[in-house]
Amino acid sequence: MAITAYPFDSQAVTETEFSRLFREFQDSGVVASADSAGFQVTPGSGLAVSVQSGTAILRGHMVHSTATETLPVPAAGTSSRVDRVVLRLDPATNSIGLAVKTGTAGTSAPPSLTQTDTAVFELPLAQFTVAANATTISAGDIVSTRPVVGHRIGTWTTATRPTGPRRGRLGLNTDSSTWEFWTGTAWSPLVSTVDWASLTGKPASFVPTAHTHRWGDITDAPSSLPPAAHTHDWAQVTGKPSTFVPGTHRHAWSDLTGIPATFAPAAHAHTWASITGRPSTFPPSSHSHGSYLESGDTIAWANGSKRVHADSVSGSGTYYAVWVQGDGTFARNTSSRRFKQNIRDITVDPAAVLSLRPRLYDRRPKEDGGDYLKDEFGLIAEEVAAHVPEIVTRDEEGRIDALRYDLLAVALLGVVKNQEQRIATLEARTGEAF
């Protein structure tokens, strides 16, 4: 059996012998930390990938790159494939270079690596998918596979751990943040996980004793506790005022003392809101209202479809147009400057006003099933909204609901002014009055 020792003075040492020596000092991989950019593969321009600068060791040989390298990717086919980017050591040419290994079309497996002991040795840096008929490679297509070595105790991810290392090889797995070692057949955590089932010598049961727990230590505790019916002595209440100023409140009739047995009714009025037990709707019947509605009172059937269509006023006096708010509140329509602010000009397009279409329609029946108005003459709010939205009103849900017919005359002023201007222009041109 021959014994070989090296290197010694005046001794010829071969490349293979140096490689065998240096690989014992460091594994093959990128010399950097796991989160560095050394020899990282990123998308290039078009159908190409870029490889960042870096340093690496391949089977005892070192390679150092100082600039980003661009590698063209072979043209895509009609089926997708998975290619690899590798650093290739070739002792025959005394070189280590970057290369793209093309995968087999129609498969999801990358091409196999060549890793011989004395000839070609390939270090995987990344694998990427080339989609069918692709013209570019995106970042989402690339998966990093580069093994990283920064010191003798390795640092790697689950996908880039050394394959077939010596038994006892130790390293940090950055995916799981655990130290692990090679048992000879598998990677195992350096510190075993201990749970209750794996403990030996533990008692079979525990006799509880009097103890307490912090609320934060209790699992499945409710987030809040609904109070149940209970009472407190007045002396137990803290922070109570020494005196009480009576505010607006109510008492049940049965709680009042000294009340008279009967009441002689006198002329009086009640606001609608103060009446309890009132019905939510009323079947309409023949009736009238005097001046009994107070300011702020509402009528629940303010919806116009439930009111008769020919209500009117007559006689002398001051009359106001009445607005009904969405909640049923009645209000008079005022127009004095003292009720307005931020007054400014507005331009209404005469063409938009002239595009409005008068329509003839039948009013839907009232909700109580009564008569309905036929052949009513007017405008359709949805059609007006497309041209003069300023005179369209909407309900509380944002739906188109009604028209401000009182504002239609204001919009027509723009039409009149426009026509007046055009007439004046024609008269100036012809010298004749129209």
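This text gives an overview of the structure that appears in the document. (Residues numbered from 1 in each chain as written. Predicted model: local features only at pLDDT ≥ 70, side-chain atom pairs only at ≥ 80, totals over all residues. Heavy atoms only, no water.)

1. Side note on a nonpolar patch on the surface
Right, so step 1: Together, I153, W179, L190 and V191 make up a nonpolar patch on the protein surface, roughly 390 Å² of accessible area in all.
Right, so step 2: Mapped onto the elements, I153 comes out in the loop between β11 (148-149) and β12 (154-156). (Patch = residues over 30% accessible without salt bridge, like charges linked within 9 Å, V, L, I, M, F, W, Y side chains within 5 Å. Areas by Shrake-Rupley, 256 points an atom, 1.4 Å probe, with all protein chains shown as cover. Salt bridge = Lys/Arg side-chain N within 4 Å of Asp/Glu carboxyl O. Helix = DSSP H or I, 4+ residues; strand = E, 2+ residues; numbered from the N terminus.)

2. Observations regarding unusual backbone geometry
Right, so step 1: Between Y6 and the following residue, P7, the backbone shows a cis peptide bond with an omega angle of -5°.
Right, so step 2: With respect to the element layout, P7 can be found in the segment before α1 (15-22).
Right, so step 3: Unlike most non-glycine residues, F39 shows phi in positive territory, near 55°.
Right, so step 4: Looking at the secondary structure, you find F39 in the loop between β1 (29-31) and β2 (41-43).

3. Some words on the pairing of strand β4 (residues 54-58)
Right, so step 1: Burial analysis of β4 places 5 of its 5 residues in the buried class, the great majority of the element.
Right, so step 2: As paired strands, β1 and β4 are joined by 2 bridges and run antiparallel to one another. Within β4, the residue paired with V30 across the bridge is A56.
Right, so step 3: Examined bridge by bridge, β4 and strand β5 (residues 61-65) share 5 bridges and lie antiparallel to one another. Bridge pairing in β5 places I57 opposite M62.
Right, so step 4: The turn joining β4 and β5, which pair antiparallel and follow one another in sequence, is formed by 2 residues; a positive phi near 50° is taken by R59. (Buried < 20%, exposed > 50% of the residue type's maximum accessible area, 1.4 Å probe, protein only. Pairing = 2+ DSSP bridges.)

4. Observations concerning the pattern of salt bridges
Right, so step 1: Tallied over the entire structure, the rule returns 12 salt bridges.
Right, so step 2: A salt bridge links K374 to D362, with the shortest nitrogen-to-oxygen separation between them at 3.4 Å. Placement of the pair is K374 in the loop between β18 (359-361) and β19 (376-378) and D362 in the loop between β18 and β19, with a sequence separation of 12 residues.
Right, so step 3: Overall, the relative accessible area of 48% leaves K374 in the partly exposed class.
Right, so step 4: Look at the salt bridges and you will find they share partners, linking R88, K101 and E122 into a network.

5. Digging into the packing of aromatic side chains
Right, so step 1: One pass over the structure, following the stated rule, counts 6 aromatic pairs.
Right, so step 2: Seen from their ring centres, F18 and F22 are 5.6 Å apart, and the 25° between their planes marks the pair as stacked. Highlighted residues: F18 and F22, both in helix α1, separated by 4 residues, approximately one helical turn.
Right, so step 3: Assessed through its relative accessible area of 31%, F18 is described here as partly exposed.
Right, so step 4: F22 gets classed as partly exposed once you look at its relative accessible area, which sits at 36%.
Right, so step 5: Relative to W187, the ring of W156 lies with its centre 4.9 Å away and its plane at 55°, an arrangement referred to as tilted. Separated by 31 residues along the polypeptide, W156 in strand β12 and W187 in strand β15 (residues 187-189) bring together distant segments of the chain. In terms of burial, W156 and W187 fall into one category: buried. (Phe/Tyr/Trp six-rings, centres within 6.5 Å; stacked < 30°, edge-to-face > 60°.)

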